[in-house]
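Descriptive structure summary
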Amino acid sequence: MSWSWVSVNGSLIWQLTRQTAYLGVVPALIGLAISVPLGVTAARWRWFSPPALAAVNVIYAIPSLALFIALIPALGLSDTNVIVALTLFSLCIMVPNVIAGLRSVAEPVRQAATAMGYGQLRQLVGVELPLATPVIIGGLRVAVVSSISLASVGQLIGVSSLGYLFIDGLQRSFPTEIYVGLVLIIVLALACDLVLVGARRALTPWAAR
Amino acid sequence: MSFFTFAWDWVTQAANWHGPGSIPHQVLAHLGYSGLSLLVAALIAIPLGIAIGHTGRGAVFVVNLANAWRAIPTLGLLILLAVLLGFSFVTWLVPLVVLAIPPILVNTYEGVAGVDRGVKDAALGAGMTGWQQVTRVEVPIAMPLILVGLRTAAIFMVATATIAAYIGLGGLGRYIVDGLASDQYGPVAGGALLVIILAVAVLALFAGLSRLIIPAGLRRQGRSE
């Protein structure tokens, strides 16, 4: 471990860390924005959920590197390429969670909402989605952690992230760079995970701690 | 041209189907690396998962592992070992096995630990020994989840073996890594398409396997994850 390398390259490391956070967090957030309406649709119209879940299983089986490559003709060797691919994976993680979360709402709760005069939309926004929040955030946690770690694979098609430290460290046979990349990716992923655990506690104050 | 045209043009070239480094050769090599890692990981993770699920000891460790393993960047782990120890049998097999263990361990644990209390009591009441309870009741009931764990790990191995080409492993990743290094999109696209086909084939294999292995009474449950 060469600490002098770390201090000399502080600004490079900081820039790569920010880039990795961007490539990891954005897909998970877009995934959240798309998976909630998709999951609501699948939970409402039951016929929609088996094909949706089957599609999700197949897409999730695609290796990340292969998906990045498949998107090159359309999106080039760009951040967009990696973001679109990781958004697809995030959807695969989150859609089943949104469906499971909505289905976990107990029938008496729905009936109580109906009895209180809640219409369908108000029931969804005011009762079902809040109760499904812990399960949805559970999916978001997996999506964000996976995206941060998978973003480093994008380096193989030239999309810059902390993965740069792996490739450069291999070419120069310089373990320090690889340690720094590994530690920062894991720390970044766990930090995002902690933020989401905090968000879940803040959003669902009624849940058992 | 789209990805599929590039990939198809390359895959259907007769020259790519003969000799060393040909498509059949690399498909077999890829299956070999993934299969060997999966086998070793399963031999470690399934007994361990059953033991932890049955006794409840070490459950906290497994639950935390479930969240943490996705954070490990596979590319970084592979490269680190290659730089520290040089490329060898050990430097690709050890990281692949390490990465395949968590999904198998976590799912096996959850399957065994999740067996209904009443069912366990019934097994005990019927006079089964601890060993019989595990092998005749808990493991069969946990089988759908054990298979989910194996499936997740198998698909993950196909993907990770591809990335391991970057540190010198053979298999389909060779086409991708060598193609990227020489700026030829043909083999890159072709290799990627073959890897996707292989991963989806593994998925289909496990769908078939679960029909064969999961007891009929559990099958409806087995489909939900």
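Residues take numbers from 1 onward in each chain, read along the sequence in its written order. Chain labels run from A onward and ligand labels from 1 onward, assigned in the order the entries are written. In keeping with the predicted nature of the model, local features appear solely for residues at pLDDT of at least 70, side-chain atom pairs appear and are counted solely at 80 or more, and the whole-chain, interface and lining totals rest on all residues. Side-chain measures were taken over the full set of non-hydrogen atoms in the model, leaving aside hydrogen atoms and water.

A word on the overall build of chain A
Runs of H or I in DSSP of at least four residues are treated as helices and runs of E of at least two as strands, each being numbered from the N terminus. Counting its secondary structure elements, chain A contains 10 helices and zero strands. Seen through its C-alpha atoms, chain A measures out along the principal axes to roughly 70 × 40 × 20 Å. Intrachain contacts of chain A at a sequence separation of at least 6 include 75% that bridge at least 24 residues. Here chain A displays about 9400 Å² of accessible surface, and carbon together with sulfur accounts for 68% of that area. Of note, chain A has its 11 positive side-chain charges centred 13 Å away from the centre of its 6 negative side-chain charges. Residues are treated as being in contact if the distance between any of their heavy atoms lies within 4.5 Å. Surface exposure here means Shrake-Rupley accessible area, sampled with a 1.4 Å probe, where a residue is shielded only by the protein chains that are shown. Residues scored as positive are Lys and Arg, those scored as negative are Asp and Glu, and His as well as the terminal groups of each chain are ignored. By convention, charge coordinates are those of NZ in Lys, CZ in Arg, CG in Asp, or CD in Glu.

Brief notes about the packing of aromatic side chains
Residues and elements named next belong to chain B. Stacked, tilted and edge-to-face are the three classes assigned to paired rings of Phe, Tyr and Trp, where Trp is represented by its six-membered ring and a pair needs centres within 6.5 Å; plane angles under 30 degrees give stacked, over 60 edge-to-face, the rest tilted. According to the stated counting rule, one finds nine aromatic pairs over all chains in the structure shown. Where Trp-10 meets Tyr-175, the ring centres are 4.8 Å apart and the plane angle is 65 degrees; that geometry is what we call edge-to-face. One end of the pair, Trp-10, is in helix H1 (residues 3-11); the other, Tyr-175, is in helix H8 (residues 173-181), and 165 residues separate them in sequence. Given a relative accessible area of 8%, Trp-10 falls into the buried group. With a 1.4 Å probe rolled over the protein chains alone, any residue whose accessible area is under 20% of its type maximum counts as buried; one over 50% counts as exposed, and the rest are partly exposed. With relative accessibility at 11%, the residue Tyr-175 sits in the buried group. Aromatic side chains Trp-69 and Phe-156 sit 5.1 Å apart centroid to centroid with 90 degrees between the ring planes, which places their arrangement in the edge-to-face category. Here Trp-69 is found in the loop between helix H3 (59-68) and helix H4 (74-85), whereas its partner Phe-156 is found in helix H7 (residues 130-164), with 87 residues between them in sequence. Judged by relative accessible area, Phe-156 falls into the partly exposed class, the value being 22%. One aromatic cluster is present, built from ring pairs that chain together Tyr-33, Phe-89 and Trp-92.

Regarding the pattern of salt bridges
All names here are of chain A. Here, a salt bridge means any Lys or Arg side-chain nitrogen found within 4 Å of an Asp or Glu carboxyl oxygen. A complete count under the given rule lists eight salt bridges over all chains for this structure. One salt bridge in this structure joins Asp-193 and Arg-141, with 2.7 Å as the shortest N-O distance. In this pair, Asp-193 sits in helix H10 (residues 175-203) while Arg-141 sits in helix H8 (residues 120-151), placing the two residues 52 residues apart along the sequence. On the accessibility criterion, Asp-193 (12% relative accessible area) is buried.

Focus on unusual backbone geometry
For Ser-173 of chain A, which is not a glycine, the phi torsion comes out positive at approximately 50 degrees. Take Ser-173 of chain A: it is sitting in the loop between helix H9 (163-171) and H10. Phi at Asp-183 of chain B is positive, roughly 55 degrees, even though this residue is not glycine. Tracing the sequence through the fold places Asp-183 of chain B in the loop between H8 and helix H9 (185-213).

Side note on the side chain of Thr-108 of chain B
All names here are of chain B. Relative to the assigned elements, Thr-108 resides in helix H5 (residues 89-113). Overall, Thr-108 belongs to the buried group, its relative accessible area being 0%. Ignoring any residue separated from it by four or fewer positions in sequence, one finds Thr-108 in contact with Ile-46, Gly-49, Ile-50 and Ile-146.

Side note on the interface of chain B and chain A
Quite often, the size of an interface is put as the accessible area lost when its parts meet. Facing the 33 residues of chain B at the interface are 35 residues of chain A. It is Arg-70, Pro-73 and Tyr-166 of chain B that lose the most area in chain B upon contact with chain A, and together they represent 19% of the buried surface on that side. Connecting chain B to chain A are zero salt bridges. Distance and chemistry together define a polar contact, namely a pair of N or O atoms within 3.5 Å, with one atom able to donate a hydrogen and the other to accept it when in protein, and with adjacent residues in sequence counting only for side-chain atoms on both sides. At the junction of chain B with chain A, the criterion picks out four residue pairs in polar contact (both at pLDDT 80 or more). Accessible surface is computed with a 1.4 Å probe, and the buried area is the amount of it that two parts give up when combined, taken over both parts together.

A few points about the environment of Trp-8 of chain B
All names here are of chain B. With respect to the secondary-structure elements, Trp-8 resides in helix H1. We classify Trp-8 as exposed; its relative accessible area is 54%. Separated by 181 residues in the primary sequence, Trp-8 and Ala-189 place their C-alpha atoms 8.4 Å from one another.

Some remarks on a nonpolar patch on the surface
Residues and elements named next belong to chain B. Grouping into patches uses exposed residues only, defined as over 30% relative accessible area, and leaves out salt-bridged ones; the cut-off is 9 Å for like charges and 5 Å for nonpolar side chains (Val, Leu, Ile, Met, Phe, Trp, Tyr). On the surface, Leu-36, Leu-39, Leu-43, Ile-44, Leu-48, Phe-89, Val-90, Val-94 and Val-98 cluster together into a nonpolar patch covering about 790 Å² of accessible area. Within the residue set of the nonpolar patch, elements represented by two or more residues are helix H2 (23-55) and H5. It is H2 that provides the largest number of residues to the nonpolar patch, a total of five residues. Mapped onto the elements, Val-94 comes out in helix H5. Judged by its relative accessible area of 39%, Val-94 falls in the partly exposed class.

A word on the packing of H10 of chain A against H4 of chain B
Helix-helix packing is characterised by the crossing angle of the two axes and by the distance between the axes. Close contact between H10 of chain A and H4 of chain B brings their axes to 10 Å; oriented N to C, the two are set at 160 degrees. The angle between the axes of H10 of chain A and H4 of chain B places the two elements in the roughly antiparallel class. In terms of crossing hand, the pair formed by H10 of chain A and H4 of chain B is left-handed. Residues Pro-175, Ile-178, Tyr-179 and Leu-182 of chain A of H10 of chain A form the contact with H4 of chain B, whose participating residues are Gly-76, Leu-77, Ile-79, Leu-80, Val-83 and Leu-84 of chain B. Of the residues that constitute the contact of H10 of chain A with H4 of chain B, the class distribution is nine nonpolar, one polar and no charged. Angular values range over 0 to 180 degrees, each being the angle between N-to-C directions of two axes fitted as lines to C-alpha atoms, with helices fitted over their stretch in contact. These descriptions rest on fixed angle ranges, namely under 35 degrees for roughly parallel, over 145 for roughly antiparallel, 65 to 115 for roughly perpendicular, and the rest for oblique. Take the far helix as your reference; a near helix turned counterclockwise from it by less than a right angle gives a left-handed crossing, and one turned clockwise gives a right-handed crossing. Amino acids outside the nonpolar list (Ala, Val, Leu, Ile, Met, Phe, Trp, Tyr, Cys, Pro) and the charged list (Asp, Glu, Lys, Arg) are all regarded as polar, and Gly is one of them.

Geometry only, nothing functional implied.
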